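# Analysis of the macromolecular model
Residue strings, one per chain:
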Amino acid sequence: MKKFFCVCAALFALGCSRLFAFGIGVQAGPVVGSGFGFGGAVTFKTDSLPCVFAVSVPSFNPFALGVTADWWIDNPSIKDSWKWFYGVGLAGAVYFSDSAAALGFGGRALIGTNLFLAKDFIELYAEAAWQPMIHISNGIGVSLLNFPIDIGIRFWF
């Protein structure tokens, strides 16, 4: 707990020093395609790089822990503080069930929209991604129809 508090305090101090701004938030939504699931994630983004990172629970049956790293190619303005974005990324997940475990990894192609409010302190967003995955367990499988759709909120410091 002490380490977590120290990391949070260091991130807060860096954000207040204006070396760079960072956003921390949560997102949730369904994963449709090769079945149906619902998951959530904690996200992190800096304003100095067009990268977004997330640690997620993309599935509860079987239980899974996932990570994503996205590179926003562009984030042009639609009107004022309303923008849209598109990009590519990588995804990975570890799946656990009563009888087995599996590893999944793949790429991502994403598109979405974001809106900044309260003097750019709050960012609301929605995104959809095509996320084909390779799964390794007792064999190798491929899921080409995997589409996570999320809405989220990020707070900027």
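Keep in mind that what you see is a predicted model, and the values were worked out from it rather than measured.

### A word on the overall build of the protein chain
When helices and strands are tallied, the protein chain shows one helix and eleven strands. The buried share among the 157 residues of the protein chain stands at 34%. A fraction of 45% describes how many contacts in the protein chain between residues 6 or more apart in sequence connect residues 24 or more apart.

### Examining the packing of aromatic side chains
Here the structure, examined in full by the defined rule, presents seven aromatic pairs. Pairing F121 with F157 gives two aromatic rings, centres 5.8 Å apart and planes at 90 degrees, and the pair type is edge-to-face. Taken together, the residues span a long stretch of sequence, with F121 in the loop between β7 (101–117) and β8 (122–130) and F157 in the segment after β11 (146–156) at a distance of 36 residues. A residue is classified by how much of its surface remains accessible, and F121, at 34% relative accessible area, is partly exposed. We classify F157 as partly exposed; its relative accessible area is 33%. Each member of the aromatic cluster is reached from another via a ring pair, and the members are F22, F44, F121, F155 and F157. In this structure, K45 is placed above the aromatic ring of W72, and the distance from its NZ or CZ to the ring centre is 4.9 Å. Above the plane of the ring of Y125 lies R154, whose end atom (NZ or CZ) is 4.3 Å from the centre.

### Some words on the pairing of β11
A one-sided burial pattern is seen for β11, the buried positions being N146, P148, D150, G152, R154 and W156 and the unburied ones F147, I149, I151, I153 and F155. Both strand β1 (residues 22–33) and β11 contribute to a ladder of nine bridges, which runs antiparallel. For G33, the partnering residue across the bridge sits in β11 and is N146. Pairing geometry for β8 and β11, over seven bridges, is antiparallel. The residue bridging E127 from the neighbouring strand is D150, located in β11.

### Observations regarding the side chain of T68
Note that T68 resides in strand β4 (residues 63–74). Taking relative accessible area as the criterion, T68 reaches 16% and is therefore assigned buried. Beyond its immediate sequence surroundings of up to four residues, T68 is in contact with V52, F53, A54, L90, A91, R108 and Q131.

### Structural notes on the nonpolar core
In this structure, A64, A91, A93, Y95, A102 and M133 together form the largest nonpolar core, which totals six residues. With five residues, the next largest nonpolar core counts W72, F85, L110 and A129 among its residues.

### Comments concerning the pattern of salt bridges
Using the criterion set out here, one finds three salt bridges in the structure. Between D70 and R108 there is a salt bridge, and its shortest N-O distance comes to 2.8 Å. Remark: R108 occurs in strand β7 and D70 occurs in strand β4; sequence separation between them is 38 residues. Taking the relative accessible area as the measure of exposure, D70 reaches 4% and is therefore buried. The shortest N-O distance in the salt bridge between R108 and E127 comes to 3.5 Å. Residue R108 is located in strand β7, and its partner E127 is located in strand β8; the two are separated by 19 residues in the primary sequence. Take R108 and E127: they sit in the same class, and that class is buried. Taken together, the salt bridges that share partners define one network made up of D70, R108 and E127.

Rules and cut-offs
- Residues numbered from 1 in each chain as written.
- Predicted model: local features only at pLDDT ≥ 70, side-chain atom pairs only at ≥ 80, totals over all residues.
- Heavy atoms only, no water.
- Helix = DSSP H or I, 4+ residues; strand = E, 2+ residues; numbered from the N terminus.
- Buried < 20%, exposed > 50% of the residue type's maximum accessible area, 1.4 Å probe, protein only.
- Contact = heavy atoms within 4.5 Å.
- Phe/Tyr/Trp six-rings, centres within 6.5 Å; stacked < 30°, edge-to-face > 60°.
- Lys NZ or Arg CZ within 6 Å of the ring centre and 35° of its normal.
- Pairing = 2+ DSSP bridges.
- Core = buried A, V, L, I, M, F, W, Y, C linked by side-chain atoms within 4.5 Å.
- Salt bridge = Lys/Arg side-chain N within 4 Å of Asp/Glu carboxyl O.

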